[in-house]
Structure formats: C-alpha cells, structure tokens
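Letter by letter, the chains look like this.
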Amino acid sequence: MNKSIIKKRRRQFFAISLTALIVLQCVFGFDFNFKDSNGIFKPFPPAYAGSSSGSSGSGSTEYQPAPYTPPTYTEPSYELLRSVAEPQLSGSFLVGTDIKSKLPESTTITLTNNTDRSATITWTLLSSSDAEEKYTGNVNLPSDVKNFFDVPTNFTYTATITGYKLVSFDAGPAVGIHDKDASSDAIKAALSANATLRVLKGKEETTKQAPITWKEVSSNASANASSNASANASFDASADASEDGCVRWYKGTVNLPDDVANLDEIKTTFYYKAKLNYKKLASFEAIELEGKYAKYYKSERILSELPEEVLISTVQDVTISSEDAIVSSEAVKVLWTEVSRTDTEAKFTGNVVLPDDVKNPNGLATTFTYTATLVDLRGEFPSRKKELKYKKDVSFDLYIDYIYPLGSEVTFKSSNSDIVSVDSKSIKLGESQISASTECNVNGVGTATIYAYINGVEADYCDITVTKADNPITVKGKSVAATRNKIKSNGTVVFKTSKFLTIKGKNGNVTYKRQSVKAKSGIVKSGKKFITISKSGNLTLKKGIRKGKYKVKVSFTAEETGLYNSKTGTAEVTIVVK
C-alpha cells in the first residue's frame with residue numbers, strides 16, 4: 001500500500017479517536033486523567049472506582065462506574081431583538097429652530113418573546129445648510145437585549161428649513177403732526193398700517209410686509225412712554241412737557257408673519273409721538289388775472305381758462321409767531337363762480353378750498369375776484385374738430401369766418417407744433433374781408449389745438465387729431481433659379497430678400513415667414529423640408545432638394561411705428577431647381 005495513503009488514514013484514525021474522547025468527556029463526564037496524584041498510571045478512570053473486593057493475596061481494587069448526574073439547565077440572562085419601530089419623521093422647521101430638540105427621544109423595540117419595550121435614540125448632526133439639516137439616529141438597546149439577528153438600529157432624517165430671518169424693520173416716521181381736534185381713532189387710522197421687514201432667506205435679503213397694531217398709551221407728555229421709546233426715534237421729555245396736552249403717544253406692535261423668525265430678538269414694539277397742532281393758514285398766493293374775450297363767449301369758455309389751484313402757506317406749530325414754526329406750502333383747489341355779466345365785462349369769484357387739516361383761525365381772506373373784459377368781435381371756425389390720418393408732407397388750410405369788426409388783424413397759433421404747425425404771421429384783413437386762413441403742416445401723430453386771435457383776443461379754436469396712417473409697404477414675389485449640383489456642392493444656396501421679393505414703401509422693421517410649399521404637378525413632395533425662409537428674409541435651398549418648380553408663399557409683417565399702423569400680407573415666390 002502507498003505510504004501516503006497509510007499516513008492519511010492514520011491521521012483520520014487519530015482525529016476520529018480524539019473526537020470520540022471529547023464527546024465521552026462532555027456527554028458522560030469521563031475523566032481521562034489516568035494517573036494518580038503520585039503520577040502512577042491508573043488502569044481505570046476514577047469515575048469507575050468501586051469498593052475493594054477483599055480477595056486474599058491479590059491486593060487489587062475493583063472499579064465500578066459512578067451514578068450518572070445530568071447537567072443543570074441555566075436560564076439565559078438576556079433577550080433577543082426582533083425589530084425596531086422606525087420613528088415617523090416628516091415636516092419642515094422654521095429657520096432658527098433647534099431641530100435636534102424636536103426629534104423623538106425614544107422608539108419602540110420588539111423582542112423575540114413578542115414583548116415591546118422602549119429604547120432611547122441618540123441623534124447626531126451629519127450636515128447643515130441654509131435649506132436643510134441631516135441627522136443620524138442610533139437606537140440605544142437596553143443592556144439585557146442582544147441584537148443577535150443584526151436588526152438595523154440606525155435612522156437617517158433630513159429636516160427641511162423654511163421661512164425668513166428678521167434683520168430689521170421700518171415702520172414709518174416716529175413723530176408726526178395731527179389736527180388738534182382729531183380723535184384717537186382718526187390718528188391711528190393715519191399711521192402706517194404695515195411695517196416693511198428686511199429679512200434673509202438663506203443668504204439672500206428681501207422685504208416682506210407685516211401689519212402693525214396701534215394702541216394709545218398716553219394722551220399727554222409721558223416720561224414713562226418716552227423712556228420706553230424704541231431706538232428708531234429720539235424723544236425729548238422736557239419738550240413734551242412744554243406742549244402739555246398737545247402730545248399723544250401710540251405704541252405700535254409689528255405682528256411678524258408665521259414664516260419670519262426673530263432670531264436676534266429684535267424689539268418689535270415702538271412708539272409714535274403725535275403732536276396735536278393745527279396746520280394754520282399763514283398766507284396764500286394772490287391770483288392776478290386779466291384778459292379779453294369775445295363778447296359772445298359763454299361763461300364756461302372763460303371759466304375753463306381760469307387757474308384751478310392756488311398755492312397756500314401753512315404753519316404747523318402751536319403759535320404762528322414761534323421761531324421754530326414749521327412752514328410749508330401746498331397747492332389747493334379753487335372753485336370759480338360767475339357773479340355778474342354785462343356787454344363789456346364778466347365778473348367771477350374764486351373760493352379757496354382749504355383741506356380738512358388746515359385751519360384759518362386768523363380769518364384770512366380766501367376768495368378772489370376776477371373781471372374778464374368782453375370785446376365786440378366775432379370769428380368762428382366752421383368746425384371745432386378735425387380728424388385726419390398722417391401722411392408725409394401733408395398740409396391743409398384752416399379757415400376762420402365771419403370776422404368782426406371788418407379790417408381786423410388775425411393771428412393763428414398752435415398748442416403743439418410737433419403735431420400740427422401753423423404760420424404765426426399776422427394777417428391784416430381788408431375793409432370788406434370776413435374770413436382768413438392759414439396753412440397747417442402735419443408733423444406727427446397726436447392732438448393739437450389751433451387758436452385764432454382777432455386783434456389779440458382769442459376768438460375761436462379747432463382741435464386737430466392726427467391718427468396713424470396705414471403702412472404704405474408693398475411686397476411682391478419674383479422668380480429665382482438654382483442648380484441642384486450647386487446646392488449639393490455648397491450644402492445650401494441662400495438668396496437675399498431683394499433677390500426674390502420686390503419691396504416698396506418700407507417703414508419700420510419687417511419680418512418674414514414661409515407659409516407653404518407646393519410642388520409642380522405633384523411630382524416633388526419633399527420641398528417643404530428643403531426650402532426655408534428666415535425671419536429676417538433670407539431664402540435658403542438645402543442639399544437633398546429635387547429638381548422641379550416650386551411655389552412658395554411668403555407672409556410678411558411690418559411692425560407698427562410712431563406714424564404708421566402695422567401691416568401684414570403675402571407674396572408668392574417661384575423657385576426653379578434645375
């Protein structure tokens with residue numbers, strides 16, 4: 001037999017024997033220590049030692065096996081983990097929120113014996129940005145629970161960050177002057193209804209509006225209110241005391257929107273100081289009027305030319321004589337009324353309408369008197385309205401008839417020469433002439449009024465309206481030809497607009513578009529793919545087009561200009577590919 005096989009079998013025998021001995025020792029408790037305490041070999045293990053037989057002369061001892069004692073079962077001191085309930089994590093958080101403190105502190109774990117227990121979670125921040133924060137959560141198993149089955153005990157959670165961070169706010173002026181007789185509600189209604197917030201979303205700054213709630217906190221000088229005033233205004237308590245009974249304090253509270261976080265704890269309350277003083281009328285600008293009108297003019301015609309406003313000066317302080325008085329000017333409305341009329345003059349009165357917050361305790365006169373001189377002359381345009389369309393270099397004559405007195409001097413003037421201009425030279429009429437005319441030149445689109453004056457007095461007027469003209473552009477198609485070999489060698493053949501279109505009267509920009517392509521006798525069906533027209537008006541023939549005759553319809557659009565309306569149309573172009 002081969003020596004290597006003999007060695008292999010010996011090794012197998014020894015391994016089997018050793019395994020058997022180990023099993024006997026573990027299962028049956030055999031002790032294989034065959035030597036006694038003195039090192040003398042014992043033929044049988046002590047486990048089989050029995051009582052002496054007492055045989056004469058032999059002096060030997062007979063060994064008997066000891067009774068079998070089964071091993072004692074010990075209850076395990078731990079439980080096995082079956083599953084972990086993953087926390088339900090969702091939602092977003094306002095910027096500045098301590099998100100970690102909002103995460104669940106514990107979760108439920110289930111053991112293999114079908115019992116549930118609670119386990120704490122340790123959260124760790126993984127990353128942070130302006131838009132989100134990422135966390136990992138580790139479940140802390142109790143000491144008597146073993147994760148024998150490698151159940152996942154880690155969670156990942158991404159928290160979305162929303163909203164804005166408050167930087168500052170503007171709630172309007174901190175001091176103002178109000179009518180002494182105004183109620184508290186009237187003053188509050190006049191204060192800023194909203195504050196403008198400066199906020200940050202990430203690193204980008206923007207603004208938002210927030211409503212303000214107002215509350216009256218004092219109706220006179222108050223040191224307490226002054227000391228609590230916000231830093232956005234400076235108040236002088238001693239000055240308030242000098243205005244006893246003429247100051248009201250209002251506390252404003254900015255109501256931040258739900259999506260705005262006040263991380264820097266900016267004070268959102270402030271105070272407004274209302275100084276209760278009349279705006280007293282100090283003076284007003286005198287209106288000096290004089291003029292001549294035709295005797296037959298109606299009152300409405302004269303009233304239309306009288307000033308509608310007058311400038312007044314007001315003092316915003318307790319007394320007009322104060323050196324610190326705040327003086328301001330403003331334009332107020334004047335109401336005119338005709339009070340009398342004769343053949344030679346018409347008298348009108350103008351009443352100054354003071355605003356509600358302006359008082360006139362000193363009784364200053366607020367009325368004007370105006371006398372218009374009426375002269376015995378007459379002259380009329382046949383019509384006081386004329387409409388026409390713009391046309392380059394167009395002009396027309398405008399007549400005024402029935403001029404009286406005879407032999408008068410007539411002058412024409414335009415209110416807007418950029419639209420319609422007239423000859424401003426005076427026309428001296430003969431003793432028997434009863435009409436005069438002027439040449440009007442149209443220069444633009446819009447309205448202008450032409451006035452006629454007789455002996456320096458306005459006699460009549462005519463409103464001229466010039467509208468935009470139709471665009472005079474015309475476009476006609478032409479015929480172009482190209483060889484297929486040239487198209488193939490170059491890849492494309494391009495024709496400029498002037499090569500295939502005749503354009504006249506162009507005004508403004510014109511854009512072009514191909515409408516359709518048709519093949520002659522239906523032979524060529526792919527022409528649409530190989531013929532294009534650009535927006536600027538270039539015709540392109542592409543490689544691959546077949547020979548044949550094509551009819552291409554081109555649409556054009558002339559844009560609207562300051563003088564002309566837009567215009568659209570079409571032209572048909574013939575293309576021959578040889």
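What counts, and at which threshold
Residues numbered from 1 in each chain as written. Predicted model: local features only at pLDDT ≥ 70, side-chain atom pairs only at ≥ 80, totals over all residues. Heavy atoms only, no water. Helix = DSSP H or I, 4+ residues; strand = E, 2+ residues; numbered from the N terminus. Buried < 20%, exposed > 50% of the residue type's maximum accessible area, 1.4 Å probe, protein only. Contact = heavy atoms within 4.5 Å. Areas by Shrake-Rupley, 256 points an atom, 1.4 Å probe, with all protein chains shown as cover. Phe/Tyr/Trp six-rings, centres within 6.5 Å; stacked < 30°, edge-to-face > 60°. Lys NZ or Arg CZ within 6 Å of the ring centre and 35° of its normal. Patch = residues over 30% accessible without salt bridge, like charges linked within 9 Å, V, L, I, M, F, W, Y side chains within 5 Å. Salt bridge = Lys/Arg side-chain N within 4 Å of Asp/Glu carboxyl O. Lys, Arg positive; Asp, Glu negative; His and termini not counted. Charge placed at Lys NZ, Arg CZ, Asp CG, Glu CD. Core = buried A, V, L, I, M, F, W, Y, C linked by side-chain atoms within 4.5 Å. pLDDT = per-residue confidence, 0-100. Pairing = 2+ DSSP bridges. Axes fitted to C-alpha atoms, helices over the stretch in contact; angles between N-to-C directions.

Chemist: Mind showing me how you'd approach the overall build of the protein chain here?
Modeler: Helix and strand counts for the protein chain come out as 9 helices and 39 strands. A burial count over the protein chain gives 31% of its 578 residues as buried. Taking contacts inside the protein chain between residues at least 6 apart in sequence as the whole, the part at least 24 apart equals 64%. Carbon and sulfur atoms provide 48% of the accessible area of the protein chain, an area that totals close to 35100 Å².

Chemist: Would you take a moment to explain the packing of aromatic side chains for this structure?
Modeler: We describe a pair of aromatic rings using the distance from one ring centre to the other and the angle between the two ring planes. Tallying each qualifying case throughout the model produces 7 aromatic pairs. Judged by centre distance (5.3 Å) and plane angle (85°), the ring pair of F148 and F149 falls under edge-to-face. The interplanar angle of 25° and the centroid separation of 6.3 Å between the aromatic rings of F348 and Y370 together place this pair among those described as stacked. Note that F348 is positioned in strand β19 (residues 345-352) and Y370 in strand β21 (residues 367-375), a separation of 22 residues in sequence. The residue whose ring lies beneath K386 is F396, and the NZ or CZ to ring-centre distance is 5.3 Å.

Chemist: Quick question: what am I supposed to make of a positive patch on the surface here?
Modeler: A cluster of basic residues, R484, K488, K543, R546 and K547, forms a positive patch on the protein surface. Relative to the helices and strands, K543 resides in the loop between β37 (539-542) and β38 (548-558).

Chemist: Just checking my understanding: could you explain the nonpolar core for this structure?
Modeler: One broad rule of soluble globular proteins: the nonpolar side chains tend to lie buried together. I400, F412 and V420 are the most contacted members of the largest nonpolar core, which totals 49 residues. If you look at the next biggest cluster of nonpolar residues, it comprises 26 residues, including A482, Y512, A571 and V573.

Chemist: How do you make sense of the confidence of the model for the protein chain when you look at a structure like this?
Modeler: Should the pLDDT be low somewhere, the predicted coordinates at that spot are not to be read in detail. When pLDDT is averaged across the protein chain, the result is 80; 81% of the residues are at 70 or more. Of all helices and strands in the protein chain, the one with the weakest mean pLDDT is helix α4 (residues 223-227) (37), whereas strand β26 (residues 420-422) scores best (94). In the predicted structure, residues 522-526 sits below a pLDDT of 50 and forms 7 contacts with residues beyond four places in sequence or in another chain.

Chemist: Just to check I follow, could you spell out the side chain of T574 for this structure?
Modeler: For T574, the position within the fold is in strand β39 (residues 567-577). Excluding residues that lie within four positions of it along the chain, T574 makes contacts with K478, S479, V480, K549, Y550 and K551.

Chemist: I would appreciate a short explanation of the pattern of salt bridges in the present structure.
Modeler: All chains considered together, the criterion is met by 14 salt bridges. One connected set of salt bridges, linked through shared partners, spans R301, E305 and E458.

Chemist: Sorry if this is basic, but what is going on with the sheet that holds strand β28 (residues 435-442) here?
Modeler: Strands pair in a sheet through their backbones, by hydrogen bonds, and they do so in one of two ways: parallel or antiparallel. If you trace the 4 strands from one edge of the open sheet to the other, you get β22-β24-β28-β26, paired in antiparallel fashion. Looking at strand neighbours, the two that pair on one side only are β22 (378-380) and β26, the edges of this open sheet. Neighbouring strand axes in the sheet, compared pairwise and without regard to direction, differ in orientation by 30° on average. In the sheet, strand β24 (residues 395-404) pairs with β28 via 7 bridges, with the strands oriented antiparallel. Looking at β28, one finds that D401 is bridged to S435.

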